[in-house]
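Breakdown of the fold
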Amino acid sequence: MSPDNPGERSTERRPTPEDFGFGRLFRETRDAVAIAGSDDRVLLWNPAAETLFGYTSADAADFPIDDLVPGILAAGSGQLVETEAIRQDGVRLTVEASVSPLDGAPNGPRMLVVRDLTERQETARAVAAEQGMLRLLMEGLPEAVWIKDTESRFVRLNHAAARILGLDDPAEAVGRTDFDFFPESLARQYFADEQRVVRTGEPLLNKMEPQSEDDDGIWWLTSTVPIRDAAGRVTWLLGTGRDVTEPRRAEQDRLRRERAEAAQEAAETGQRRLAFLAEASAILASSLDHEDTLARVAALAVPALADWCSVDLLDPDGRLRQVVVAHADPAKVGLVKDMRRRFPADPKSGYGPPEVARTGRPILSPEVLPEHLALGVHDPDHLRLLTQLGLRSYMAVPLIARGQIQGVIGFAISESDRAFGAEELALAEALAERASLAIDNARLYAEALSSEARWQGAFAGASAGMALVGLDGRWLQVNRALCAITGYDEIDLLRLRFQDLTYPDDLAIDLVHRGRILRGEMGAHQWEKRYYRKDGAIVWVLLSVALIRDRAGAPLHFVAQIQDVTERKQAESAQARLAAIVGAADDAILAKTLDGAITDWNRGAEHLYGYTADEAIGRSVFMLAPPDRLEEAEEFLVRAARGEGIERQETVRLAKDGRRLHVSLSISPLHDRSGKVVGSSTIARDISERKQLELLQRDYLAMVTHDLRTPVTVVRGGAQLLQRRGAYHAATVAAILAQTDRMQRLLDDLADLVQLEEGRLRIRPAPMDLGTLAQREAEIVRTQTPGSRIVVHEPPEPVIGDWDADRLGQVLQNLLGNAVKFQEESGSVEVRIEATATEARVTVADEGPGILPEHLPRMFERFYRAEATGAGGLGLGLYISRMLVEAHGGRIRVESEPGAGSRFIVTLPRDG
């Protein structure tokens, strides 16, 4: 076959991709591939080449490859070049192409591979255009726009953002952070907010932030949005900001004006309502004729509170009786009365006075609707009359005294355009409360007149002591039973005051109760106290006291009931002393028979051994002896049976859960009335802690020796080095100081421990601000630990209390030092101050590795070190902190989960 005669070649068999060792890849690849013979004409043509060049496989056969991709043969074998390809329709395409020999022979078949770059170039141009548009958009926006990386460093920002930072060129901010431009307190808050967005992936939108620490400075409305990569990870932060200083100031001014106007209006309204209630109270107290006073109060309420007012009282049979009607239009008073006469109140009505009387709950209808009226009537004529009254707004409140519903006061708006609301309802309820008291007092007075004779008979003949006592403590009237209790006759007793008979230690509480009853802080009250009898003996009494008032509500005198409870108190005292010796003892006390059966088991035994009394009584005492101590337990029984006592014998016993307990036993024989030994009693004292302490003391001495040896060695070596050199060296001096400080801290902890254990540590409280103390201690820790991040959150108002600033500073130093020590490198420690009226709380939270659950219950124990956390030191810091907090009357606790950081919470009382 001749290269100059292509037609001749067509008579031969065409090669296939399999002839060259490939098939599926040739047909399925997205790149255009052509196989050319030694004459550089096409032998094979894949589907991608048909798509790219527009030639079918048959059309492309014998086509010179240099015509398809001009100059490709001159590029050299295997060289990838960017050039042009010519389609069948003459269109020129930008492509990447290469020609390589298939078998390595320079004159053998070649493979042409062509990749269309048109789409990639268009994409690049589109990306460039979008980037240009983004730049134009950022620079064209009046708002500040910036992009930061996940470390909160500026990557890009527009000129508006640069001006906020005080820069002319935005490029000057790239790579820097807010700490380079803003006060540290603000920069820390900005950083914390942005890092929260990085951690959570949640945007922070429309946050009002200051640009200075001055509240009257510039304020910005900012938003921070996370930008994610294809895998969904947050890679950038997009921030925007808009100056809202002037709108904020205008809004604050508007709010201040509105608050001032509202306060003025509320004050005026309050004064009017106080005047209204004061006048109503005066009317109600002026007479015991309650129907007359209610009519005058209703007249006062119209038109000050309502256009008309009605009062209904409950009769003994449970029916409502209208006693008062007042109306702004006198002509309509008759209409209201006639309507009630024709249509008496239905107790089952679902609206109005019957519903209030039935439920005891008020009704408030700012707008009276037709369906409201329909609930209260069952007759067309009744509804017509109600409609004629033109009710627009309505409320009704119950009259309640001593828990009993006495009636209902109703108020309505019909002649004016007012409407009732919550404030009007509160005023109506206050008026009803005063009216209820007046009605109740009038009824009580009437009942008192009729029962005076019965009272005198019951008073004189009561089996318990009875007395009327003046406000100054003088006995005004006494009965025979009280004379018998005190040993005085009636004439002598009436010359005295209750203070003259009261045991001195009981007088203070007596006067406190009397004062509270007089002030109305409590009603009838009952308490126990002691009197001196005429013969000097002490008698215990149960005193029940109530205050009697006159019709105006002023105190008249006390009525008292006195019962002699001396015998009961003596019996209780003896029983309590016996129970205190055995039942409430910290030591374990048990009794047993001669053969070892347990017969008595106190709470101390329950606590020590873990068995309840029900579980222990009836079982053998040998259940408490370990197998290696059974002979000893049997010997103790034998010696007790011989009448011998055993004093403070140290041994080992078993608890219910199998623990071996070190105890000190004292065993005494028990005798019956004839002197015969019938059993024995055992007092067991737990000395496990002492034994453990002895072990701890040995370990502690070894630990102190080890921990103090290193700093002493460093100090000694540093001093010797200075001595040899004859000159100071800064690093050496720094090492000496650091190790000396460490020794001082260890020694301070030891000194505090000794003072705490001996009860000599003193707390010197004085007024102080908890937030100021937290800021000061945080700054000290920052200085001592460069690179540490500590953020203090304070409430708007100072948290003031009577505390010892030095000792609380010691607690905060310890908590902050621990938090910084275990904090992750990129994390921060947060201190939060919170307060209520009675307590203050300081929370120190870190984002460190957390504490394992098994360590949490023992974190505040003496000498305890959670080895799993890598904690060093003597294990005294948290123990001393707990003791100092408790010395203030406070408490300290820890919350933690592995991997989620720790939170130490200190709670302090604010009452000093």
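For clarity, every value in this text was computed on a predicted model and none was experimentally measured.

The strand order across the open sheet formed by five strands is β12-β11-β15-β14-β13, and the pairing between neighbours is antiparallel. In the strand order of this sheet, the two ends are held by β12 (320-327) and β13 (363-365), each with one partner. The mean angle between the axes of side-by-side strands here comes to 15°, regardless of whether they run parallel or antiparallel. The pairing of strand β14 (residues 393-401) with strand β15 (residues 404-413) spans nine bridges and is classified as antiparallel. When the sheet's bridge partners are listed, P398 is paired in β15 with V408. Strands in contact with helix α10 (residues 290-304) are β11 (308-314), β12 and β15; relative to β12, the strand with the most contacts, it is inclined by about 40°. Contacts from helix α11 (residues 331-342) reach β11 and β12 within the one sheet, and its direction differs from that of β12 by about 165°.

Right, let's talk about the pattern of salt bridges for a bit. Counting across every chain of the model gives 45 salt bridges. Between D510 and K529 there is a salt bridge whose closest N-O contact spans 2.4 Å. In this pair, D510 sits in helix α19 (residues 504-518) while K529 sits in strand β18 (residues 525-532), placing the two residues 19 residues apart along the sequence. Under the relative-accessibility criterion, K529 is labelled buried at 1%. The shortest N-O distance in the salt bridge between R685 and D587 comes to 2.7 Å. One end of the pair, R685, is in strand β25 (residues 677-686); the other, D587, is in the loop between α20 (566-582) and β21 (588-593), with 98 residues separating them in the sequence. What you see here is one network of salt bridges that share partners, running through D193, R196, K207 and E209.

In terms of residue burial, strand β32 (residues 902-909) counts as a mostly covered element, since seven of its eight residues are buried. As paired strands, strand β30 (residues 839-845) and β32 are joined by seven bridges and run antiparallel to one another. When the bridges of β32 are listed, A840 appears paired with L908. Bridge count for strand β31 (residues 891-896) against β32 is six bridges, and the pairing is antiparallel. Counted as the bridge partner of R891 is T907 from β32. Linkage of β31 to β32, two consecutive antiparallel strands, is achieved through a turn of five residues, within which G899 is found at a positive phi near 85°.

Of the strand pairs in this sheet, β18 and strand β19 (residues 538-549) are connected by eight bridges, and their pairing is antiparallel. Bridge assignment links H525 to a residue of β19, and that residue is V545. With antiparallel pairing between neighbouring strands as the criterion, β18 and β19 make up a hairpin whose turn holds five residues, including G536 at a positive phi of roughly 95°. Judged from the nine bridges that link them, β19 and strand β20 (residues 555-564) form a sheet pairing that is antiparallel.

In this section: helix α23 (residues 630-641). Between its first and last C-alpha, α23 extends 17 Å over 12 residues, near the 16 Å set by a 1.5 Å rise per residue. E632, A633, F636, L637 and A640 are the residues of α23 that are buried. Buried residues of α23, viewed axially, fall in a sector of 145°; they line one side. Among the structural elements, β21, β23 (646-654), β24 (660-671) and β25 are those in contact with the buried residues of α23. Just downstream of α23, G643 is the residue with a positive phi angle, here 90°.

Take unusual backbone geometry next. Cis rather than trans, the peptide bond between V302 and P303 has omega equal to 5°. Position of P303 relative to the elements: it lies in helix α10. Although it is not a glycine, D62 adopts a positive phi angle of roughly 70°.

On to a nonpolar patch on the surface. A cluster of nonpolar residues, L205, V225 and L238, forms a patch on the protein surface that exposes about 220 Å² of accessible area. Mapped onto the secondary structure, L238 falls in strand β10 (residues 234-243). A relative accessible area of 31% places L238 in the partly exposed class.

As a further point, take empty space enclosed by the protein. For the structure on display, the rule yields six cavities of 30 Å³ or more. What the largest cavity holds in volume is close to 270 Å³. Lining the largest cavity are 20 residues, with W146, D178, Y190, E209 and T222 positioned closest to its centre. At the level of elements, β6 (144-149), β7 (154-157), α7 (159-164), α8 (184-200), β8 (204-210) and β9 (219-228) are the ones that each hand at least two residues to the lining of the largest cavity. For the lining of the largest cavity, the residue count by class is 10 nonpolar, five polar and five charged.

Here we have five strands laid out as an open sheet, ordered β2-β1-β5-β4-β3, and antiparallel in their pairing. Two strands in the sheet have a free side with no partner beyond their single neighbour: β2 (42-45) and β3 (81-86). Neighbour to neighbour, the strand axes of the sheet diverge by 35° on average, direction disregarded.

The biggest cluster of nonpolar side chains holds 38 residues, and the ones touching the most others in it are L770 and V831. Broken down by secondary-structure element, the contributors of at least two residues to this core are α26 (770-784), β27 (790-793), α27 (805-822), β29 (829-835), β30, α28 (877-887), β31 and β32. Of the residues forming this core, the biggest block, seven residues, is contributed by α27. L277, A298, L425 and A432 belong to the second-largest nonpolar core, a separate cluster that totals 34 residues.

Moving on, we come to the packing of α26 against α27. Closest axis-to-axis distance for the α26/α27 pair is 9 Å, and the angle between their directions is 45°. Overall, the two elements α26 and α27 adopt an arrangement that is oblique. For the pair α26 and α27, the crossing hand works out as right-handed. The segment α26 lies against α27, with L770, L773, A774, R776, E777, A778, I780, V781 and Q784 engaging A805, L808, G809, L812, Q813, L816 and V820.

Basis of the calculations
- Here the residue numbering is sequential within each chain, running from 1 through the sequence in written order.
- Only residues with pLDDT of at least 70 get local features here, since the model is predicted, and only at 80 or more are side-chain atom pairs given and counted; chain-wide, interface and lining totals rely on the full set of residues.
- Note that the side-chain values use all heavy atoms of the structure and ignore hydrogens as well as water.
- Note on pairing: DSSP must find at least two bridges between two strands before they are called paired.
- Counting from the N terminus, the helices are DSSP H or I runs at least four residues long and the strands are E runs at least two residues long.
- As a rule, the C-alpha atoms of each element are fitted with a line to give its axis, helices using only the stretch in contact, and angles between N-to-C directions run from 0 to 180 degrees.
- Between two residues, a contact is recorded if the distance between any of their heavy atoms is within 4.5 Å.
- A pairing counts as a salt bridge when a side-chain nitrogen of Lys or Arg comes within 4 Å of a carboxyl oxygen of Asp or Glu.
- Throughout this description, buried means an accessible area under 20% of the type-specific maximum (1.4 Å probe, protein chains only), exposed means over 50%, and partly exposed covers the range between.
- To estimate how far a helix should reach, multiply one less than its number of residues by 1.5 Å.
- Our arc is simply the arc of the directions from the helix axis toward the C-beta atoms.
- Every patch collects residues that have over 30% relative accessible area and no salt bridge, joining them within 9 Å if they carry like charges and within 5 Å if they are nonpolar side chains (Val, Leu, Ile, Met, Phe, Trp, Tyr).
- Areas reported here follow the Shrake-Rupley algorithm with a probe of radius 1.4 Å; residue values treat only the protein chains shown as occluding.
- A cavity, in this analysis, means grid points on a 1 Å lattice covering only the protein atoms where a 1.4 Å probe fits yet has no way out; a pocket is instead an open set bounded by protein on both sides within 12 Å along at least five of seven lines, and a residue lines either one if it has an atom within 4 Å of a point.
- Grid points are joined across faces, edges and corners, and a volume is the space filled by probe spheres set on the points.
- Following the grouping adopted for this structure description, the nonpolar residues are Ala, Val, Leu, Ile, Met, Phe, Trp, Tyr, Cys and Pro, the charged ones are Asp, Glu, Lys and Arg, and the polar ones are all others, Gly among them.
- Remark: nonpolar core denotes a set of buried residues (Ala, Val, Leu, Ile, Met, Phe, Trp, Tyr, Cys) joined through side-chain atoms within 4.5 Å.
- When describing relative orientation, an angle under 35 degrees is termed roughly parallel and one over 145 degrees roughly antiparallel, while 65 to 115 degrees is termed roughly perpendicular and anything else oblique.
- For a crossing to be left-handed, the near helix must be turned anticlockwise from the far one by less than a right angle; the clockwise case is right-handed.

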